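In case you want the letters, here they are:
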Amino acid sequence: MAIGAVAIYRSPHTYSGIITREPDMADTRTKPLSCDLAVVGGGPAGLATALLAARAGLKTVLAAPQARPDHRTFALMAGAVRMLQRLDAWEPLLPRSAPLRRLRIIDDTGRLLRAPTVEFDAGEIGLDAFAWNFPAAPLSKVLGDLVGNEKNVTWIAASVASCDAGPDGCHLVLDDGTAIHANAAAAADGRGSLCREAAGIVVDTWRYPQTAIVTTIAHDRDHMDVSTEFHRRTGPFTLVPLPGKLSSVVMAETPEGAERLGALDDDGLANEIERRSHRLLGAVKIAGPRGAFPLTGLLPKVFAKNRVALIGEAGHVVPPIGAQGLNLGLRDAAMLVECLTQTNDTDAALALYDRRRRGDVVSRSTAIDVLNRSLLSDLVPVQAVRALGLFAISRIEPLRRRIMSEGVAPGGGYTPAIMQPDAEPDEDALSLAV
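Residues numbered from 1 in each chain as written. Predicted model: local features only at pLDDT ≥ 70, side-chain atom pairs only at ≥ 80, totals over all residues. Heavy atoms only, no water.

What follows covers the packing of aromatic side chains. Counted under the stated rule, the structure contains three aromatic pairs. When the centroid spacing of 5.9 Å and the interplanar angle of 80° are considered together, the rings of Trp90 and Trp132 count as edge-to-face. With Trp90 in the loop between α2 (78–86) and β6 (98–100) and Trp132 in strand β9 (residues 131–135), this residue pair connects regions lying 42 residues apart in the sequence. Here Trp90 falls in the buried class, since its relative accessible area comes to 4%. With relative accessibility at 9%, the residue Trp132 sits in the buried group. By the ring-pair criterion, three or more aromatic residues cluster together here, those being Trp90, Trp132 and Phe134. (Phe/Tyr/Trp six-rings, centres within 6.5 Å; stacked < 30°, edge-to-face > 60°. Helix = DSSP H or I, 4+ residues; strand = E, 2+ residues; numbered from the N terminus. Buried < 20%, exposed > 50% of the residue type's maximum accessible area, 1.4 Å probe, protein only.)

Our focus in this paragraph is the pattern of salt bridges. Following the criterion strictly, the structure yields 23 salt bridges and no others. Across the salt bridge formed by Arg279 and Glu274, the nearest N and O atoms sit 2.5 Å from each other. A salt bridge links Asp369 to Arg373; the nearest nitrogen and oxygen atoms lie 2.8 Å apart. Residue Asp369 and its partner Arg373 are located together in helix α8 (residues 346–376), separated by four residues, close to a single helical turn. Since its relative accessible area comes to 39%, Arg373 is described here as partly exposed. (Salt bridge = Lys/Arg side-chain N within 4 Å of Asp/Glu carboxyl O.)

Attention now moves to the sheet that holds β9. Backbone hydrogen bonds hold the strands of a sheet together, and the pairing may be parallel or antiparallel. Read from one edge to the other, the open sheet built from three strands follows the order β5-β9-β6, with strand pairing classed as antiparallel. Each end of this open sheet is capped by a strand with a single partner; those strands are β5 (73–77) and β6. The sheet shows a mean angle of 30° between the axes of neighbouring strands, taken without regard to direction. Looking at chain direction, β6 and β9 are connected through three bridges and run antiparallel. Note on β9: the bridge partner recorded for Ala98 is Asn133. Seen against the sheet, helix α3 (residues 136–148) touches β5 and β9 and runs at an angle of roughly 90° to β9. (Pairing = 2+ DSSP bridges. Axes fitted to C-alpha atoms, helices over the stretch in contact; angles between N-to-C directions. Contact = heavy atoms within 4.5 Å.)

For α3, with 13 residues, the first-to-last C-alpha span of 18 Å sits near the 18 Å given by 1.5 Å per residue. Turning to α3, its buried residues are Ala136, Pro138, Leu139, Val142, Leu143, Gly144, Leu146, Val147 and Gly148. (Expected span 1.5 Å × (residues − 1).)

With that settled, the discussion passes to the nonpolar core. In terms of nonpolar packing, the biggest core is built from 58 residues, with Leu62 and Tyr353 touching the most fellow members. With near-sequence residues (within four places) excluded, Leu62 lies in contact with Val39, Gly41, Gly46, Leu47, Ala50, Val147, Val153, Thr154, Trp155 and Ile156. Residues Ala165, Ile180, Ala182 and Cys195 belong to the second largest nonpolar core, which totals 24 residues. (Core = buried A, V, L, I, M, F, W, Y, C linked by side-chain atoms within 4.5 Å.)

Moving on: the environment of Leu281. Residue position: Leu281 is located in the loop between α6 (266–276) and β18 (284–286). Apart from the residues lying within four places of it in its own chain, the contact partners of Leu281 are Ile217, His219, Asp220, Arg221, Asp222, His223, Leu239 and Ser247.

For the rest of this paragraph, the subject is the confidence of the model for the chain. On average, residues of the chain score 85 in pLDDT, and 84% of them reach the 70 mark or higher. Here residues 1–29 is a poorly scored stretch, pLDDT under 50, and it has 72 contacts once near neighbours within four places are set aside; other chains count. Low pLDDT (under 50) marks residues 427–434, which in the prediction has 19 contacts with non-local residues, meaning those over four places away or in another chain. (pLDDT = per-residue confidence, 0-100.)

On to the pairing of strand β14 (residues 203–219). As paired strands, β14 and strand β19 (residues 291–300) are joined by nine bridges and run antiparallel to one another. By the bridge assignment for β19, Val214 is matched with Gly291. In this sheet, β18 lies alongside β14 in antiparallel orientation, the contact comprising three bridges. By the bridge assignment for β18, His219 is matched with Val284.

So, on to the side chain of Thr215. Position of Thr215 relative to the elements: it lies in strand β14. A polar contact of 3.3 Å, which involves the side chain of Thr215, links it to the backbone oxygen of Gly288. Side-chain polar atoms of Thr215 contact the backbone oxygen of Pro289, separated by 3.3 Å. Excluding residues that lie within four positions of it along the chain, Thr215 makes contacts with Ser247, Ser248, Val249, Ile273, Ile286, Gly288, Pro289 and Arg290. (Polar contact = N/O pair within 3.5 Å; in protein donor to acceptor, adjacent residues only side chain to side chain.)

This is the structure in structure tokens:
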């Protein structure tokens, strides 16, 4: 695979690290850009893929328009934080983040068979925190700035209009007329991925009878770095710490229930959150914008085919349980670049990527699906199994530690090198990254 630098188009019209095209560069629309890796999509997983590829010496083109506002928060676990530290992306995010030192699960289903409250402490597995939670916007800004300053990546602020994927590479045409020929493409273009469809990758998709409502609240009491997940009949209701007396909220509701909540004013919604949280954090106020999205699932038959590798939600969509979504996407990014740089045989590298990602993604998607469906089921045997499982976790220490370790990082699969701990931890590094 060729290694070298590709020119960056300089323009006075630059925003958020995205470089737009000069009028005198129009001849490139008939002469395709050539690169080792084309990354399609400008979300955090796509930006991370482009940055990792460029740093690894791969000629990289990122095709992504300016990102839309994202009001979600992300809880990144130890491996993802290690990667951001090594990319010089973590320090700017630290002031905006809050550690999750303890996790609490409370059965609030009101059913006859109820599970005991389960608490997990990061210290039990030698970590200072399970994860760090922060808003999505700063992460995209930091990664975007790093990508925009990277000399080995060309960032074109346009969407892909067509993709021709095959055994000899990928030919992309963007909606501004730019043509790109890539040895391989990273499809980070979301759950409706055009590149995935062009590669002929078949996916299984499904819908849950749920809609997630997300927002940020301010509260009277200190969250004490504890993330609390109430298990309700309509799905999880989660309070995740942010800096100070702020928390992000994720509420899974029926579509009808979500519509009713969406019609409430801020005071009404705050009162409902207080009620559902049993005033765990005291009085609350809405402190950020709201969002709502239907809960769905997606899994592909393969994670790479016809020189296209799936990244992030192009390759997996899971409900917001256990903070797995973006952590999986960042492992996709790190794994793809590691595989591509381990051999000059692109097909062998993508086959290796498919094998290494399969166990991690499928096992976590399955576990989240089973847990979510168990909350929705009215069948007594299902409720009994769920309650018994949580009882065992709360009482059997080796099992609890195993569950915690597996939740933070894949124990049975391969972790990309950039996410692994140092052989001799740096005493000055964040304790989370030890």
